[in-house]
Amino acid sequence: LNILFISLTGRDHKQRKRQVVEASSLSWGTRIKGFIACFAAGIVCSLLGTLLLWVPRKGLYLFAVFYTFGNIASIGSTVFLMGPMKQLKRMFEPTRLVATIMVLLCFALTLCSAFWWHSKGLALIFCILQSLALTWDAVKKCFAVCLA
C-alpha cells in the first residue's frame, strides 16, 4: 500500500524524474515531447491501419503493417521516458516475460498472416491478441503495484 501511496501522491515522482534526467542528455521536457509524439504517431498508425483494412487488394497488407507499427511505436514511446536499456530490462523481467513474448509473437504472426498466409481473419485475430497481451501486461502491473 505504501508503494501505491507514494505513486499516487507523486512523492517518488521527483526522484524518478531526477534519475531519468541524469541518465540522458535529453532534458525532461524533450523526453516528454518525444514520448507524446511517438505515442500519438502509434495511435494514428493503428487507427489508419484499421481504416486501411477495407481497401481492396492491398488493404490486408497495409492493415498488418500500420497496426503492428502503431503498437510498436506506442510501446517504444516509453523509451523516451526511461531509456532503451531500462525498457528492455523491464520488458524481459520474469513477471513480464510471458506478456512480452506474447506481444512479440503476435507482431510476427500478424505480419505472417498478411504477407505469407493472406488471411484477413488470422490478421484480425492476431491484432486482437496483440491488444489483449498489451492490456494483460498493463493490468498485471497495476495489480502488482496495488497489492505490494
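Quick summary incoming for the structure in this document. Bear in mind that the values here come from a model prediction, so they are computed numbers and not experimental data. (Residues numbered from 1 in each chain as written. Predicted model: local features only at pLDDT ≥ 70, side-chain atom pairs only at ≥ 80, totals over all residues. Heavy atoms only, no water.)

## Considering the pattern of salt bridges
Point 1. All chains considered together, the criterion is met by one salt bridge.
Point 2. Between arginine 96 and aspartate 137 there is a salt bridge; the shortest N-O distance is 2.7 Å. Of this pair, arginine 96 sits in the loop between helix H6 (84-91) and helix H7 (97-115) while aspartate 137 sits in helix H8 (residues 120-147), and the two are 41 residues apart along the sequence. (Salt bridge = Lys/Arg side-chain N within 4 Å of Asp/Glu carboxyl O. Helix = DSSP H or I, 4+ residues; strand = E, 2+ residues; numbered from the N terminus.)

## Quick look at the packing of aromatic side chains
Point 1. The full count for this structure, using the stated rule, is three aromatic pairs.
Point 2. Ring centres 5.3 Å apart and planes at 25° place the aromatic pair tyrosine 61 and phenylalanine 115 in the stacked group. Placement of tyrosine 61 in helix H4 (residues 59-76) and of phenylalanine 115 in helix H7 is noted, with a sequence separation of 54 residues between them.
Point 3. Judged by relative accessible area, which is 23%, tyrosine 61 ranks as partly exposed. (Phe/Tyr/Trp six-rings, centres within 6.5 Å; stacked < 30°, edge-to-face > 60°. Buried < 20%, exposed > 50% of the residue type's maximum accessible area, 1.4 Å probe, protein only.)

## A closer look at the environment of arginine 96
Point 1. On the accessibility criterion, arginine 96 (17% relative accessible area) is buried.
Point 2. Once the C-alpha coordinates of arginine 96 and tryptophan 136 are considered, the two residues, 40 residues apart in sequence, prove to be 9.7 Å apart.
Point 3. If we ignore the near neighbours within four places in the chain, the residues touching arginine 96 are Arg90, Met91, Asp137, Lys140 and Lys141. (Contact = heavy atoms within 4.5 Å.)

## Looking at the packing of helix H3 (residues 28-52) against H4
Point 1. For the pair H3 and H4, the least separation of the axes is 7 Å and the interaxial angle reads 160°. Considered as vectors, H3 and H4 are oriented roughly antiparallel to each other. For the pair H3 and H4, the sense of crossing is left-handed. Here Cys38, Phe39, Gly42, Ile43, Cys45, Ser46, Leu48, Gly49, Thr50 and Leu52 of H3 come into contact with H4, specifically with Gly59, Leu62, Phe63, Phe66, Tyr67, Phe69, Gly70, Asn71, Ala73, Ser74 and Gly76. (Axes fitted to C-alpha atoms, helices over the stretch in contact; angles between N-to-C directions. Parallel < 35°, antiparallel > 145°, perpendicular 65-115°, else oblique. Left-handed = near helix turned anticlockwise from the far one by under 90°.)

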